[in-house]
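Residue-level listing of the chains:
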Amino acid sequence: MRTFFNAEDIGNLDKALSEARAIKADRYAWKHLGRDKTILLVFFNNSLRTRLSSQKAAMNLGMNAIVLNIGQDSWRLETELGVVMDGDKSEHLREAIPVMGSYCDIIGVRSFASLSDREADYAETVLQQFVAYSGRPVISLESATVHPCQALADLITIDEYKRKTTPKVVLSWAPHPKALPQAVPNSFAQWMVAAGYEVVICHPEGYELDPRFTGGAKIEYDQMKAFEGADFVYAKNWSCPGVVCPEDYGKILSTDMSWTVGSRQMAVTDNARFMHCLPVRRNMIVTDEVIDSPASLVIPEAANREISAQLVMKRMLEAL
Ligand code: CP
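Quick caveat, the model's predicted, so the values are computed rather than measured.

Draft legend 1. Spatial organisation of the overall build of the protein chain. For the protein chain, the helix and strand inventory stands at 12 helices and 12 strands. Since a compact globule built from 320 residues should have a radius of gyration of about 20 Å, the 19 Å found for the protein chain is in line with a globular shape. C-alpha extents for the protein chain along the principal axes are approximately 55 × 50 × 30 Å. Per-residue burial over the protein chain gives 54% buried out of 320 residues. Of the roughly 13400 Å² that the protein chain leaves accessible, carbon and sulfur atoms contribute 50%.

Encoded structure:
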């Protein structure tokens, strides 16, 4: 596996889930694979779970992990091609990436969407430069449009807690004070559809996600109707994806607090489990009552980030 961006990169999902169970049963069983190998984890943006779970997964595999926080530990990097570099950015990605590649065997990159240039964001311009110039396998640790390590952890979590073969999984938009990218909902929709689950996505009008990620899911504008009979509820905020109105890309179109997931919505589900990728804004995205209830899976979901990261790194090490 040379890249990990989309569900298709991992191949058969049942096989991946079986591998995840084996890793969870004995996460140190593949320690020999990473001997004398190094993973470089490059962060253009903040992180708690992705940073820690990736480092832990690398350690489980016997790999060395180097974390680089761009602009803090390193020079500030220019990401756009063809610009006159007379500002505050000292080095261009064009040189920095091959240099980074020379010090490692695998690269993971976190680089969020700008939310100002839809074309550049949806072309994954930063991530694709790592593919083109590093000479190394590349993992998206949440890039402009996808967060596959999170989606794989979500899939593992649902597999562990599902009570039926084809659960109803609802992805619900919820309010947030800041404009957030679409990477998490894009990947969640893509992976849940790929798993063959019944997927319903609900949001106010204008928040339609890109159909290349949601194909196969049902779109619903009535949140209560969407939640009826749900087995899993996945709450997340995202800013306008610009699918219907490109000029609204990255904007906050609604702050409607009636979309905050609470006991009113959970009451119409089939005893659904609550999920969120974290970090979460309490009483914006979800009420204290729901996130603190036994229905909440947010902690085991976050713990599974270690397993998903290890599965991806294991596959890449095996292919080196
Ligand atoms: N869910 C997730 O990616 O968390 P962090 O942003 O803290 O890494």
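This is not the end of the story, as more comes after the structure.
Draft legend 2. Spatial organisation of the sheet that holds strand β1 (residues 3–4). The strand order β1-β7-β6-β2-β3 describes an open sheet built from five strands, whose pairing is parallel. Either end of the sheet is taken by a strand with one partner, and the two such strands are β1 and β3 (64–69). Here strand β6 (residues 106–110) pairs with strand β7 (residues 138–140) via three bridges, running parallel. Opposite isoleucine 107, over in β7, you have valine 138 as the bridge partner.

Draft legend 3. Representation of the packing of aromatic side chains in the model. A complete count under the given rule lists six aromatic pairs for this structure. Between tyrosine 122 and tyrosine 249, the aromatic rings sit 6.3 Å apart at their centres with planes inclined by 75 degrees, giving edge-to-face as the arrangement. Taken as a pair, tyrosine 122 in helix α4 (residues 118–122) and tyrosine 249 in the loop between β11 (232–236) and α10 (263–266) lie far apart in primary sequence, 127 residues in all. Taken individually, tyrosine 122 and tyrosine 249 each receive the classification buried, so the pair is uniform in this respect. Both rings, one in phenylalanine 188 and one in tyrosine 234, keep their centres 3.9 Å apart while their planes meet at 20 degrees; by these two values the pair is stacked.

Draft legend 4. Broad picture of the sheet that holds β11. One open sheet accounts for five strands, arranged β10-β9-β8-β11-β12; its pairing is parallel. Bordering the open sheet on either side are β10 (218–220) and β12 (273–275), each of which pairs with just one other strand. For this sheet, the mean angle separating the axes of adjacent strands, direction not counted, is 20 degrees.

Draft legend 5. Focus on the site of the ligand. Contacts to the ligand come from Ser47, Leu48, Arg49, Thr50, Arg110, His147, Gln150, Cys277, Leu278 and Arg305. At 2.7 Å, a side-chain N or O of threonine 50 approaches an oxygen atom of the ligand. Against a free-state accessible area of 260 Å², the protein chains account for coverage of 93% of the ligand. Class assignment for the residues of the shell around the ligand results in three nonpolar, four polar and three charged.

Thresholds applied
All residue numbers refer to positions counted from 1 along the written sequence of the respective chain. Confidence filtering applies because this is a predicted model: local features only for residues at pLDDT of at least 70, side-chain atom pairs given and counted only at 80 or more, and all residues used for totals across whole chains, interfaces and linings. Water and hydrogen atoms play no part in the side-chain values, which are based on all heavy atoms of the structure. The secondary structure listing takes helices from DSSP runs of H or I that are at least 4 residues long and strands from runs of E that are at least 2 residues long, numbered from the N terminus. Values of the radius of gyration come from C-alpha atoms, whereas the globule rule sets the reference at 2.2 Å times the count of residues to the power 0.38. Each residue gets one of three labels from its accessible area relative to the maximum for its type: buried under 20%, exposed over 50%, partly exposed in between, using a 1.4 Å probe on protein chains only. Accessibility throughout is a Shrake-Rupley quantity obtained with a 1.4 Å probe, and a residue counts as covered only by protein chains that appear here. In short, DSSP must find at least two bridges between two strands for them to pair. We call Phe, Tyr and Trp rings a pair once their centres come within 6.5 Å, taking the six-membered ring for Trp, and we label the pair stacked below 30 degrees between planes, edge-to-face above 60, and tilted otherwise. Axis definition: a line fit to C-alpha positions, over the contact stretch in the case of helices; interaxial angles, taken between N-to-C directions, run 0 to 180 degrees. Any residue with a non-hydrogen atom lying within 4 Å of a molecule or strand is treated as near it. Think of a polar contact as two N or O atoms within 3.5 Å of one another; within protein, one of them needs to be a possible hydrogen donor and the other a possible acceptor, and neighboring residues in sequence only count if both atoms come from side chains. Three categories are distinguished: nonpolar for Ala, Val, Leu, Ile, Met, Phe, Trp, Tyr, Cys and Pro, charged for Asp, Glu, Lys and Arg, and polar for the others, with Gly belonging to the last.

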